[in-house]
Amino acid sequence: MKIKTARIEDIRKICELYAAQMKDLGETPPHNLESLIRKYWDKQIWFLFYDAHDFAFGMAYAVEQIVYSLGKVGYYIGGAFILPEWRGRGLYRQAMNQIESWAKDRGAVELFARIRDDNDHSIKSLLAFGWHKVKYGNYVKALQ
Ligand SMILES: CC(C)(COP(=O)(O)OP(=O)(O)OC[C@H]1O[C@@H](n2cnc3c(N)ncnc32)[C@H](O)[C@@H]1OP(=O)(O)O)[C@@H](O)C(=O)NCCC(=O)NCCS
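Residues numbered from 1 in each chain as written. Predicted model: local features only at pLDDT ≥ 70, side-chain atom pairs only at ≥ 80, totals over all residues.

Enquirer: Looking at this structure, how should I read the overall build of the protein?
Expert: Scanning the protein for helices and strands turns up four helices and seven strands. For the protein, whose C-alpha radius of gyration is 15 Å, the value lies close to the compact-globule estimate of 15 Å for 144 residues. The principal-axis extents of the C-alpha atoms in the protein amount to approximately 40 × 30 × 30 Å. Counting over 144 residues, the protein shows a buried share of 20%. By sequence separation, contacts in the protein at least 24 residues apart represent 55% of the contacts at least 6 residues apart. (Helix = DSSP H or I, 4+ residues; strand = E, 2+ residues; numbered from the N terminus. Rg over C-alpha atoms; globule rule 2.2 N^0.38 Å. Buried ≥ 20, exposed ≤ 12 C-beta atoms within 10 Å, placed from the backbone. Contact = placed C-beta atoms within 7 Å.)

Take a look at the structure:
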């Protein structure tokens, strides 16, 4: 698999995956999903995960955060999603590894995420990838 940072031309694909994620969670995608993503395009860096045939089967986004205690930057990682039929093959682990390298290349010292307490699979995944729970559903991974 490979990941690519998305370009504005990829916005439809992002919306499709985002809508699939919301449906997965039992939520209804808002009618203005595309305009919301466009509005925050300069703040959120979107990643699409592709297979060998250039099919995008997953996504995540990163938002730069200041780590004041260290005087450095980190990235909040959100919207992580893999289409159901692609799960359980280690692709999330590969995608997160690549996102970590991407963040380190930009001088980031930490990654952050928020996960609902009932999202067992996701929590188990992040703990297996070396993340730690901080508090209130916040998870952190220190980048060496
Ligand atoms: C979270 C998500 C991206 C994980 O995708 P995935 O393809 O299943 O992940 P992987 O196959 O890389 O597995 C990651 C870890 O999950 C666990 N895991 C994988 N398959 C599993 C299965 N069938 N049953 C239980 N745990 C499993 C393992 O701990 C694995 O870690 P490992 O690499 O040490 O074995 C996917 O389940 C998803 O899109 N969920 C809905 C959206 C979501 O919850 N996003 C995160 C919060 S924003």
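Enquirer: Sorry, what's going on with the pairing of strand E5 (residues 108–114) here?
Expert: Across a regular strand the side chains alternate sides, sitting on one face of the sheet and then on the other. Across four bridges, strand E4 (residues 72–82) lies against E5 in parallel orientation. Each residue of the ladder has a partner; that of Gly74, found in E5, is Glu110. The β-α-β motif built from E4, the intervening helix H3 (residues 91–105) and the parallel element E5 has right-handed crossover chirality. Pairing of E5 with strand E7 (residues 138–142) involves five bridges; the strand directions are antiparallel. Within the sheet, the bridge partner assigned to Glu110 lies in E7 and is Ala142. (Pairing = 2+ DSSP bridges. Right-handed = clockwise from strand over helix to strand, strands pointing away.)

Enquirer: Sorry if this is basic, but what is going on with the sheet that holds strand E6 (residues 132–133) here?
Expert: Each strand in a sheet pairs with another by means of backbone hydrogen bonds, the pair being arranged parallel or else antiparallel. Here seven strands make up an open sheet; going across it, the order is E1-E2-E3-E4-E5-E7-E6 and the pairing mixed. Two strands bound the open sheet, and with one partner strand each, they are strand E1 (2–5) and E6. Sheet analysis places strand E3 (residues 56–67) next to E4, joined by nine bridges and oriented antiparallel. Across the sheet, Gly58 pairs through a bridge with Ile82, a residue of E4. Strands E1, strand E2 (44–50), E3, E4 and E5 of the sheet are contacted by H3, whose axis makes an angle of about 35° with E3. (Axes fitted to C-alpha atoms, helices over the stretch in contact; angles between N-to-C directions.)

Enquirer: How should helix H1 (residues 11–24) be read in this particular structure?
Expert: Every α-helix carries 3.6 residues per turn, so stepping three or four residues along brings you back to the same face. Between its first and last C-alpha, H1 extends 20 Å over 14 residues, near the 20 Å set by a 1.5 Å rise per residue. Buried within H1 we find Ile14, Leu17 and Tyr18. Projected down its long axis, H1 carries its buried residues within an arc of 100°, all on one side. Turned more than 90 degrees away from the buried face of H1, the exposed residues are Arg12 and Lys23. (Expected span 1.5 Å × (residues − 1). Arc of directions from axis to C-beta.)

Enquirer: Can you walk me through the nonpolar core in this structure?
Expert: Generally speaking, nonpolar side chains in soluble globular proteins are found buried as a group. Grouped together as the largest cluster of nonpolar side chains are 27 residues, with contacts concentrated most on Phe47, Met59, Ala60, Ile77 and Ile99. Those elements that provide at least two residues to this core are H1, E2, E3, E4, H3 and E5. In this structure, Met59 is in contact with Ile14, Leu17, Trp46, Phe47, Leu48, Phe49, Gly79 and Phe81, ignoring residues within four places of it in sequence. (Core = buried A, V, L, I, M, F, W, Y, C linked by C-beta atoms within 7 Å.)

Enquirer: What am I meant to see in the environment of Asp117 here?
Expert: The topology assignment puts Asp117 in the loop between E5 and helix H4 (120–128). Take Asp117: there are 9 C-beta atoms within 10 Å of it, and that puts it in the exposed class. Linking Asp117 and Tyr136, residues 19 residues apart in sequence, is a C-alpha distance of 8.8 Å.

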